[in-house]
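# Observations on chain architecture
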Amino acid sequence: MPAVRRPRVLSGAQPTADSYHLGNYFGAFKQWVALQDEFEAFYFIPDLHAITVEYDPALLRERTYIAAAQLLAAGVDPERSALFVQSHVPEHAQLAWVLGGVTGFGEASRMTQFKDKSAKGGQDSASVGLFTYPILMAADILIYQADKVPVGEDQRQHVELTRNLAQRFNHRFGETFTVPEAYIVKSTAKIYDLQDPTSKMSGSNASHAGVVDLTDSPKQVAKKIRSAVTDSGSEITFDPVEKPGISNLLSIYSALTNEPVEQIVRDFEGKQYGHLKVALGDLVADFVGTFGDRTRELLDDRGELDRILARGAAQAREVAATTLDLVYERSGFVRRA
């Protein structure tokens, strides 16, 4: 009787910035680390996705290393997970081409990401790669027969497309793919921009003053927290609608300490916004300082990073090659002699 495999989880984070930020850590990476206990985990750096918009090759290469170092610093364990670079596993692109044959032009054109990004520069300036981005994302997931895909609400549409393509292929050619489910952690701390607490913290925001990078210095962190937008009044209460600024600071404090927001509010009863900012600034500076030290330590040994990524790619290809062989057989391709 064959051994029952552990359920699989798959996720990735693009190397499109010089550093990930606090929102990435609490919104995704902290959960990735926890999922290693329960799932067979595949975590990757989607460099193929990164070239769907204009980019600098040297910068992409450096940012890919930074991404790998930061994921390791966050707690992704290469002994328990496959950590790899997307382009090191060619089966992603090979499966994407096959899936393109069962994807309707209309359903691809309705994908929110393409509509949003192409609207900025016009569809004539958008690349075909950007248009087919969701198909490659579906291949990323299906090549590993992933059961769960940890994503934010903004990525749920892509997972639904992946499910549709898996079901369509299975119906036409026989049971081939696991139909994945979106894994959205309800208790995840939502971290908002310090200067615009109604918008989520994002590296693509016009101003970077409200974004805490995981490579910021303690002095930079303290300044950003000190300058964070707060609200009218002076009472420290958690009310995301009426007091989004102070509520965001309380959410960050809670995420760093694992204390309930209600307890933090009680601890700061009768105190001013400035007291919360000082205490939070110290907490964030300590966290980011330790994280940055670990990241720089990893980046100083590129040879070891290369070894970790190569081992992760080898693990990934074992699974990906098996899936692709099955897909090619079901698709009617002549088996290579």
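Residues numbered from 1 in each chain as written. Predicted model: local features only at pLDDT ≥ 70, side-chain atom pairs only at ≥ 80, totals over all residues. Heavy atoms only, no water.

What counts here: UniProt positions are given in the numbering used here, feature names are shortened, and annotations may be inferred rather than shown by experiment.
Per an unreviewed UniProt entry, the recorded name for the protein is Tryptophan--tRNA ligase, and the organism is Aeromicrobium yanjiei. Word for word, the UniProt comment on the protein under Subcellular location (unreviewed entry) is "Cytoplasm". In its Catalytic activity (unreviewed entry) section, the UniProt entry covering the protein states "tRNA(Trp) + L-tryptophan + ATP = L-tryptophyl-tRNA(Trp) + AMP + diphosphate + H(+)".

### Digging into the overall build of the protein
Cut-off, in case you're wondering: Put simply, DSSP marks the helices as runs of H or I at least four residues long and the strands as runs of E at least two long, and each gets a number from the N terminus on. Atoms considered for the radius of gyration are the C-alpha atoms alone. The globule rule reads 2.2 Å times the number of residues to the power 0.38. For every residue, the accessible area obtained with a 1.4 Å probe (protein chains only) is divided by the maximum for its type, and the residue is called buried under 20%, exposed over 50%, and partly exposed between those limits. Contacts are residue-level and defined by heavy atoms, with any inter-residue pair within 4.5 Å sufficient. All accessible areas in this document rest on Shrake-Rupley with a 1.4 Å probe, and a residue is counted as covered only by the protein chains that are shown. Charge convention: Lys and Arg are scored as positive, Asp and Glu as negative, and His as well as the terminal groups of each chain are ignored. In this description, the location of a charge corresponds to atom NZ of lysine, CZ of arginine, CG of aspartate or CD of glutamate.
Looking only at helices and strands, the protein features 14 helices and five strands. Computed over its C-alpha atoms, the radius of gyration of the protein comes to 22 Å, within 12% of the 20 Å expected for a compact globule of 337 residues. Taken over the C-alpha atoms alone, the protein extends approximately 75 × 45 × 40 Å along its principal axes. When each of the 337 residues of the protein is scored for burial, the buried share is 46%. Contacts in the protein between residues far apart in sequence, at least 24 positions, make up 75% of those at least 6 positions apart. Only carbon and sulfur atoms are counted for the fraction: they give 52% of the accessible area of the protein, which is about 16800 Å². For the protein, the centre of its 36 positive side-chain charges and the centre of its 44 negative side-chain charges are spaced 3 Å apart.

### Quick word on helix 9 (residues 156–173)
Rules: To estimate the expected span of a helix, count its residues, drop one, and scale the result by 1.5 Å. Think of it as the arc spanned by the lines of direction from the helix axis to the C-beta atoms.
The first and last C-alpha atoms of helix 9 sit 26 Å apart over 18 residues, in line with the 26 Å expected at 1.5 Å per residue. Among the residues making up helix 9, those that are buried are His158, Val159, Leu161, Thr162, Leu165, Ala166, Phe169 and Asn170. Viewed end-on, helix 9 has its buried residues packed into an arc of 165 degrees, placing them on one side of the element. Summarising the geometry of helix 9, the exposed residues directed more than 90 degrees from the buried face are His171 and Arg172. One or two residues past the end of helix 9 sits Gly174, with phi positive at roughly 100 degrees.

### Remarks on the packing of aromatic side chains
Worth spelling out the cut-off: For Phe, Tyr and Trp, where Trp contributes only its six-membered ring, two rings pair if their centres lie within 6.5 Å, and the inter-plane angle classes them as stacked under 30 degrees, edge-to-face over 60, or tilted in between. Cation placement over rings: the criterion is NZ of Lys or CZ of Arg within 6 Å of the ring centroid and within 35° of the ring normal.
Tallying each qualifying case throughout the model produces 17 aromatic pairs. With 4.9 Å between their ring centres and 85 degrees between their planes, Tyr25 and Phe26 make a pair best called edge-to-face. With respect to class, Tyr25 is no different from Phe26; both count as buried. Taken together, the ring pairs in this structure connect Tyr20, Phe29, Trp32 and Tyr43 into an aromatic cluster. In this structure, Lys271 is placed above the aromatic ring of Phe268, and the distance from its NZ or CZ to the ring centre is 5.5 Å. Over the ring of Tyr65 we find Arg302, and its NZ or CZ is 4.8 Å from the ring centre.

### Some points on the UniProt feature "binding site: ATP" (unreviewed entry) in the protein
Threshold: The definitions used throughout rest on a 1 Å grid laid over the protein atoms alone, on which a cavity is an enclosed set of points accommodating a 1.4 Å probe that cannot get out and a pocket is an open set flanked by protein within 12 Å on both sides along at least five of seven lines; lining residues are those having an atom within 4 Å of a point.
According to UniProt, the "binding site: ATP" (unreviewed entry) feature falls on Gln14, Pro15, Thr16, Gly23, Asn24, Gly152, Glu153, Asp154 and Ile191. For the largest cavity, the lining residues among the annotations just cited are Gln14, Pro15 and Thr16. Secondary-structure assignment places Gln14 in the loop between strand 1 (8–12) and helix 1 (22–35). By relative accessible area, Gln14 is classed as partly exposed at 21%.

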